[in-house]
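Architecture and fold: a report
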Amino acid sequence: LDLKKRNHSRVTRSWANEVSPTWSPDGKKIAFVSDRTGSPHIYIMDLTTKKISRLTYEGSYNCSPAWSPKGDKIAFAGQQGGKFHIYTVRPDGAELRKLTHKGNNEHPTWAPDGRHIAFASNRRGNYDIYIMTEDGGGPWRVTTSRYNETEPVWSPWLK
């Protein structure tokens, strides 16, 4: 969407469901979820060339991509053994790394400094917000409500 001209343009042209876009920090690429191969996986589109490449091949359901502020990793939620876990992978598909191991873990989001990831987890019953280091250290629970708390967002003032 061009806010100045108030017009929009379609980026993908597929029959598939394509959702959850996230911009690369340089604004030249978008990671998104598509079920074009039958189940949801993460794809990357180069906005200059319009070339689309598949990023994830592991797991049966991958969603919620989040590009790191440095542009060197993408965090996402991937289903394994009936549970969702948080993973990171480089934009070229290298270095896939599973960061969580207990409960369902969803909606990863990078801290503005790129050193931490917040996410929602039900490892203690209801969904709470947790924070971990970019390599999976921790995690630390930051909410303790009796209600489900999901989809965390960082303050931009934390740089």
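About the criteria used
- Numbering of residues starts from 1 in every chain and runs along the sequence as written.
- Only residues with pLDDT of 70 or above have their local features reported here, since the model is predicted, and side-chain atom pairs are shown and tallied only from 80 upward, although totals for entire chains, interfaces and linings are computed over all residues.
- Each side-chain value is worked out from all heavy atoms of the structure, with water and hydrogens disregarded.
- When two rings of Phe, Tyr or Trp (its six-membered ring) have centres within 6.5 Å they constitute a pair, described as stacked for plane angles under 30 degrees, edge-to-face for angles over 60, and tilted for the intermediate range.
- The helix count covers DSSP runs of H or I at least four residues long, the strand count covers runs of E at least two residues long, and both are numbered beginning at the N terminus.
- Between buried and exposed lies partly exposed: a residue is buried under 20% and exposed over 50% of the maximum accessible area for its type, with that area taken using a 1.4 Å probe on protein chains only.
- Both a distance and an angle decide whether a charge sits over a ring: NZ of Lys or CZ of Arg must be within 6 Å of the ring centre and within 35 degrees of the ring normal.
- Two strands are counted as paired when DSSP detects at least two bridges linking them.
- Using only the protein atoms, space was sampled on a 1 Å grid; points where a 1.4 Å probe fits but cannot get out form cavities, open sets with protein on both sides within 12 Å along at least five of seven lines form pockets, and lining residues are those with an atom within 4 Å of a point.
- Grid points are joined across faces, edges and corners, and a volume is the space filled by probe spheres set on the points.
- Side-chain classes are defined by residue name, with Ala, Val, Leu, Ile, Met, Phe, Trp, Tyr, Cys and Pro counting as nonpolar, Asp, Glu, Lys and Arg as charged, and the others, Gly among them, as polar.

Here's the deal with the packing of aromatic side chains
For any pair of aromatic rings, geometry is given as the distance between the ring centres together with the angle between the planes. For the coordinates displayed, the defined rule picks out 4 aromatic pairs. Ring geometry for Phe32 versus Tyr43: centroids 6.0 Å apart, planes at 25 degrees, classification stacked. Of this pair, Phe32 sits in strand 2 (residues 29–34) while Tyr43 sits in strand 3 (residues 41–46), placing them 11 residues apart in sequence. The class of Tyr43 is buried, set by a relative accessible area of 4%. Ring geometry for Tyr61 against Phe84: centres 5.7 Å apart, planes inclined by 85 degrees, an arrangement best described as edge-to-face. You can see Tyr61 sitting in the loop between strand 4 (52–54) and strand 5 (62–67) and its partner Phe84 sitting in strand 7 (residues 83–89), a full 23 residues away along the chain. Since its relative accessible area comes to 36%, Tyr61 is described here as partly exposed. Geometry around Tyr43 places Arg36 over its ring, the cationic atom sitting 5.1 Å from the centre. The ring of Tyr130 has Arg123 lying over it, and the distance from NZ or CZ to the ring centre is 4.9 Å.

Digging into the sheet that holds strand 10 (residues 116–124)
Taking strand neighbours across the sheet as the criterion, the 4 strands line up as 9-10-11-12 in an open arrangement whose pairing is antiparallel. Each having just a single partner strand, strand 9 (105–110) and strand 12 (140–141) make up the two edges of the open sheet. The sheet contact formed by strand 10 and strand 11 (residues 126–133) spans 7 bridges and is antiparallel. Note on strand 11: the bridge partner recorded for His116 is Thr133.

Re the layout of surface pockets
A volume near 250 Å³ is recorded for the largest pocket. Taken together, the elements giving at least two residues each to the lining of the largest pocket come down to strand 1 (18–23) and strand 2. The greatest single-element share of the lining of the largest pocket, amounting to 5 residues, is contributed by strand 1. Among the residues forming the lining of the largest pocket, the class breakdown is 7 nonpolar, 2 polar and 2 charged. A volume near 190 Å³ is recorded for the second largest pocket. Considering the residues around the second largest pocket, the lining is formed by Leu1, His8, Ser9, Arg10, Val11, Trp23, Ile30, Leu47 and Lys50. Here the residues of the lining of the second largest pocket sort into 5 nonpolar, 2 polar and 2 charged.

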